[in-house]
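Results of the structural survey
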Amino acid sequence: MLKKYKKILGDLFYSVGAMALMNAVLQFAVYPLVNKTLGENIFGEMLFWLGIVSVLAPSFGTAVNNARLVFPDRSSVKNGDYDYVLMFFSFMAFAATTVIAIAQRYPAEYILILGYIVIISVLRNYSTVEYRLSLNYKRQFVFYGILSVGYLGGTLLCIWNKSWFWIFILGETFAVAYVAVSGSIYRRPWEKTGFINDIGKRCITLAAAYLMTNLILNMDRFVLKAFLGDTAVSQYYVLSLIGKTIAIIGAPLSSVIIGHISGSKYKINRSQFQKIVLLIVGIGTIFWAGASVVTPVFIKLFYPNLYHITWFSNLVVNGAQILYFLTTLLLVIVLTMCEEKWQLIIQSSYTVLFIIFSIAATAGAGFEGFALAALVSNLLYLVFTVLVGLKNSVS
């Protein structure tokens, strides 16, 4: 039993460490240099397009990733069962990006570059299933290390030719190439089984849920750009940066949790679920206090040209991000306890509320109105997830 817990703790260390490495490179090196080199308006424009990519790529790539991980009969499926779905999702992501770029009147070469970035990002988000299936989180750490090196190399090119595209072209391509060469999930992609239709339905259900989640996670970039402009996007981004970094850590934690739970027949009962909720809320409170203290110092050091902050906005924005982090952890546990449709129900309800609240509040109260809308929506998101978990837990 002790050996098992040591294994889980080791997996958590490598999984969280991998994500922390990537985000440290982005937040402490890549983004400050882009902001300094290209200015806050171009930085805001980049954040807008990264928002588009961050809605599409993780939604489609992670949907196929998680569908493969939780499929009850892993040994009976082939790579093609997932690769064909991945091809379909990649086309959908490219089409959506193209439509948005045309609406923004971007030239053809920009559209092709943005299309490549979103497709390779879909593949990168799927690629971590290579390590989740085998619970080899040491190799996953290497994967994120290669991704980070690619980001840094692309940043040097960005400083030289004033184009932020290279950051993500190099980073995402290096990471996917590493898995393609050293892993097995992309081998013999034409082989498929009779499970492909069932797998496709599961992937579509999960993708729909993740699209809504990631749309909300990046809603600040779209709503603030529409109402207040690119500079407001940059300001909200740096204000929410520490909280969002903590929220992003929820992904690798969730990855380890679902990897170990899905690989066993263990079922969480109601009493245990209640204890998990209390533990996570306690941890979240500590993270909220820490993020609220660190955020002003971080902005002053790395983004001095964007140092426009009130303590009210600081507390509210970080509170919203931490609530999202807590729900991310709980939702993946709930996914192991109930059918996929419940995740879709939770996400769709949350999405509708957030869209209505954020647009109305921003139109009426500007920057701080959006911050309050995010806080209230994420609190309701957490409450709904807890209620669904209690409903589906074993007595």
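Worth saying up front: this structure is predicted, and the values here are computed from it rather than measured.

Together, Leu279, Ile283, Ile286 and Phe287 make up a nonpolar patch on the protein surface, roughly 380 Å² of accessible area in all. With respect to the helices and strands, isoleucine 286 occurs in helix α12 (residues 270-302).

Attention shifts here to unusual backbone geometry. Located in the positive-phi region is arginine 105, a residue other than glycine, with phi close to 65°. Mapped onto the secondary structure, arginine 105 falls in the loop between α3 (79-103) and α4 (108-127). Assessed through its relative accessible area of 79%, arginine 105 is described here as exposed. In this structure, lysine 162 takes a positive phi of about 65° despite not being glycine. If you trace the backbone, lysine 162 turns up in the loop between α6 (137-161) and α7 (165-182).

A word on the packing of aromatic side chains. By convention here, two paired aromatic rings are described through the distance between centres and the angle between planes. Applying the stated criterion across every chain, the model contains 26 aromatic pairs. Taken together, Phe48, Trp49, Tyr106, Tyr110, Tyr151, Trp164, Phe165, Phe168 and Phe222 form an aromatic cluster joined through their ring pairs. The side chain of lysine 225 reaches across the aromatic face of phenylalanine 48, ending 5.0 Å from its centre.

Scanning all chains against the criterion turns up one salt bridge. Where glutamate 172 meets arginine 124, a salt bridge forms, and the shortest distance between an N and an O atom there is 2.8 Å. With glutamate 172 in helix α7 and arginine 124 in helix α4, this residue pair connects regions lying 48 residues apart in the sequence. Here glutamate 172 matches arginine 124 in class, with each residue buried.

Before going further, it helps to examine the nonpolar core. Ranked by size, the top nonpolar core spans 110 residues in total, and within it Tyr31, Met46, Tyr151, Trp164, Phe168, Phe273 and Tyr303 carry the most contacts. Beyond its immediate stretch of four places on either side in the chain, tyrosine 303 contacts Gln27, Tyr31, Pro32, Asn35, Phe43, Tyr237, Val238, Leu241 and Phe298.

Turning our attention to the side chain of asparagine 314. The topology assignment puts asparagine 314 in helix α13 (residues 311-335). Using a relative accessible area of 0% as the deciding quantity, one classes asparagine 314 as buried. For asparagine 314, the side chain forms a polar contact with the main-chain oxygen of serine 292, separated by 2.7 Å. At 2.7 Å, the side chain of asparagine 314 and the side chain of asparagine 318 are in polar contact.

Before going further, it helps to spend a moment on helix α8 (residues 196-217). Under the 1.5 Å per step criterion, the end-to-end length of α8 is 30 Å for 22 residues, consistent within 8% with the ideal 32 Å. Every buried residue of α8 is accounted for by Ile196, Ile199, Gly200, Cys203, Leu206, Ala207, Ala209, Tyr210, Met212, Thr213, Asn214 and Ile216.

Tracing the sequence through the fold places glycine 61 in helix α2 (residues 40-70). Taking relative accessible area as the criterion, glycine 61 reaches 0% and is therefore assigned buried. Residues glycine 61 and leucine 86 lie 25 residues apart in sequence; the distance between their C-alpha atoms is 7.2 Å. Once residues lying within four places of it in the same chain are set aside, the contact partners of glycine 61 are Val122, Asn125 and Tyr126.

Two numbers describe how α4 lies on α7: the axes approach to 9 Å, and their chain directions differ by 35°. At the point where α4 passes α7, the crossing takes the left-handed sense. Residues Tyr110, Ile113, Leu114, Tyr116, Ile117, Ile120, Ser121, Leu123, Arg124 and Ser127 of α4 lie in contact with α7, whose contacting residues are Phe165, Phe168, Ile169, Glu172, Thr173, Ala175, Val176 and Val179. For the contact of α4 with α7, the class distribution of residues is 13 nonpolar, three polar and two charged.

Now for the side chain of asparagine 125. You can see asparagine 125 is positioned in helix α4. Among all residues touching asparagine 125, those that are not within four sequence positions of it are Ala57, Pro58, Gly61, Thr62 and Asn65.

Conventions and cut-offs
- Residues numbered from 1 in each chain as written.
- Predicted model: local features only at pLDDT ≥ 70, side-chain atom pairs only at ≥ 80, totals over all residues.
- Heavy atoms only, no water.
- Patch = residues over 30% accessible without salt bridge, like charges linked within 9 Å, V, L, I, M, F, W, Y side chains within 5 Å.
- Areas by Shrake-Rupley, 256 points an atom, 1.4 Å probe, with all protein chains shown as cover.
- Salt bridge = Lys/Arg side-chain N within 4 Å of Asp/Glu carboxyl O.
- Helix = DSSP H or I, 4+ residues; strand = E, 2+ residues; numbered from the N terminus.
- Buried < 20%, exposed > 50% of the residue type's maximum accessible area, 1.4 Å probe, protein only.
- Phe/Tyr/Trp six-rings, centres within 6.5 Å; stacked < 30°, edge-to-face > 60°.
- Lys NZ or Arg CZ within 6 Å of the ring centre and 35° of its normal.
- Core = buried A, V, L, I, M, F, W, Y, C linked by side-chain atoms within 4.5 Å.
- Contact = heavy atoms within 4.5 Å.
- Polar contact = N/O pair within 3.5 Å; in protein donor to acceptor, adjacent residues only side chain to side chain.
- Expected span 1.5 Å × (residues − 1).
- Axes fitted to C-alpha atoms, helices over the stretch in contact; angles between N-to-C directions.
- Left-handed = near helix turned anticlockwise from the far one by under 90°.
- Nonpolar A, V, L, I, M, F, W, Y, C, P; charged D, E, K, R; others polar.

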